[in-house]
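Structure at a glance
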Amino acid sequence: MHNTTTTAVRPLKQVGFTLIELMIVVAIIGVLASIAIPQYQNYTARAQASEALSITAGVRTDIAEQYSLNGEMPEKTDLGLAADDAGFSDMSGRYVENVDYASPAILVTFNSDSALDGAMMKIAPIGDAEGKAGTSDTANPGNGWTCVWADRSSDANESWLPSGCKA
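Residues numbered from 1 in each chain as written. Predicted model: local features only at pLDDT ≥ 70, side-chain atom pairs only at ≥ 80, totals over all residues. Heavy atoms only, no water.

This part covers the overall build of the protein chain. Of the regular secondary structure elements, the protein chain holds 2 helices and 4 strands. Beginning at the N terminus, the succession of helices and strands in the protein chain can be written as α-α-β-β-β-β. In the protein chain, buried positions account for 34% of the 167 residues. Contacts in the protein chain between residues far apart in sequence, at least 24 positions, make up 43% of those at least 6 positions apart. When the accessible surface of the protein chain is totalled, it reaches about 10,700 Å², and 55% of it is carbon and sulfur. (Helix = DSSP H or I, 4+ residues; strand = E, 2+ residues; numbered from the N terminus. Buried < 20%, exposed > 50% of the residue type's maximum accessible area, 1.4 Å probe, protein only. Contact = heavy atoms within 4.5 Å. Areas by Shrake-Rupley, 256 points an atom, 1.4 Å probe, with all protein chains shown as cover.)

Structure follows, in structure tokens:
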């Protein structure tokens, strides 16, 4: 018998990831983040803007009732405000700073520390909002409400408007 001694050499097993694999993973995470972060910001802004609809629900109902009784849009005094009042002092929220009524529209100002950064939203009866078809003669709160950004110079995006008041 022939007796030779050979050492068995096992190939080394690769442990961990290569640099290129790690770079690919980092690139994929970067692409996903570049899509997800703006979408999350839009979601946050829209959620904050929808607070305006919930806060003004009672006033919108009062306006619609006054319109159905009198056949015309009410004035501030019809809603319990003095003509020189700066708005409804008891209407504010976490993101809404001020609510005012300027017939036929409700003006909502947002806090500067919200995602809307002090923007002003105009909630008006369908047929009256700027940029929408119709005039104040055709505005009827019984037909629904529409929203636009009253301050066009703000950074507020049209996609941030709540879906509950888009015409």
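Still more to cover.
Time to look at the sheet that holds strand E3 (residues 120-125). Across the sheet, which stays open at both edges, the 4 strands sit in the order E1-E2-E3-E4 with antiparallel pairing between neighbours. Of all strands in the sheet, those bounded by a partner on one side alone are strand E1 (96-102) and strand E4 (145-149). Strand after strand, the sheet turns through a mean of 20 degrees between neighbouring axes, direction not considered. Pairing analysis gives 4 bridges linking strand E2 (residues 105-110) to E3, with the strands arranged antiparallel. Bridge pairing links Val108 to Met121 in E3. Contacts from helix H2 (residues 57-70) reach E1, E2, E3 and E4, with the element oriented near 170 degrees to E2. (Pairing = 2+ DSSP bridges. Axes fitted to C-alpha atoms, helices over the stretch in contact; angles between N-to-C directions.)

The next point concerns the environment of Asp100. Considering the arrangement of structural elements, one finds Asp100 in strand E1. On the basis of relative accessible area, Asp100 is assigned to the buried category, the value being 17%. A sequence separation of 11 residues divides Asp100 from Ser89, and the C-alpha atoms of the two residues are 8.8 Å apart. When near neighbours in sequence (up to four residues on either side) are disregarded, Asp100 contacts Lys76, Asp85, Ala86, Gly87, Ala105, Ile106 and Leu107.

Turn by turn, an α-helix covers 3.6 residues, leaving residues three or four places apart pointing in a common direction. In this model H2 runs 20 Å from its N-terminal to its C-terminal C-alpha over 14 residues, within 8% of the 20 Å that 1.5 Å per residue would give. In this fold, the buried residues of H2 make contact with helix H1 (19-55), E1, E2, E3 and E4. Of the residues flanking the end of H2, it is Gly71, one or two places downstream, whose phi is positive at about 80 degrees. (Expected span 1.5 Å × (residues − 1).)

For the rest of this paragraph, the subject is the pairing of E1. Alignment of E1 against E2, held across 6 bridges, turns out to be antiparallel. In the sheet register, Asn98 faces E2, and the bridge partner there is Thr109. Counted between consecutive antiparallel strands, the loop separating E1 from E2 contains 2 residues.

Within the largest apolar cluster, 30 residues are counted, with the highest numbers of intra-cluster contacts made by Ile106, Phe110, Ile123 and Trp149. Within the residue set of this core, elements represented by two or more residues are H1, H2, E1, E2, E3 and E4. Among the elements that line this core, the one with the most residues is H1, at 5 residues. With sequence-adjacent residues up to four places away left out, Trp149 is seen in contact with Ala49, Phe110, Leu116, Ala119, Met120, Met121, Ala156, Asn157, Glu158, Trp160 and Leu161. (Core = buried A, V, L, I, M, F, W, Y, C linked by side-chain atoms within 4.5 Å.)

What follows deals with the packing of aromatic side chains. In the structure shown here, the tally under the stated rule is 2 aromatic pairs. Ring centres 6.3 Å apart and planes at 35 degrees place the aromatic pair Tyr40 and Tyr43 in the tilted group. Here the residue Tyr40 and the residue Tyr43 both occupy positions in helix H1, the gap between them amounting to 3 residues, near one helical turn. Take Tyr40 and Tyr43: they sit in the same class, and that class is exposed. (Phe/Tyr/Trp six-rings, centres within 6.5 Å; stacked < 30°, edge-to-face > 60°.)

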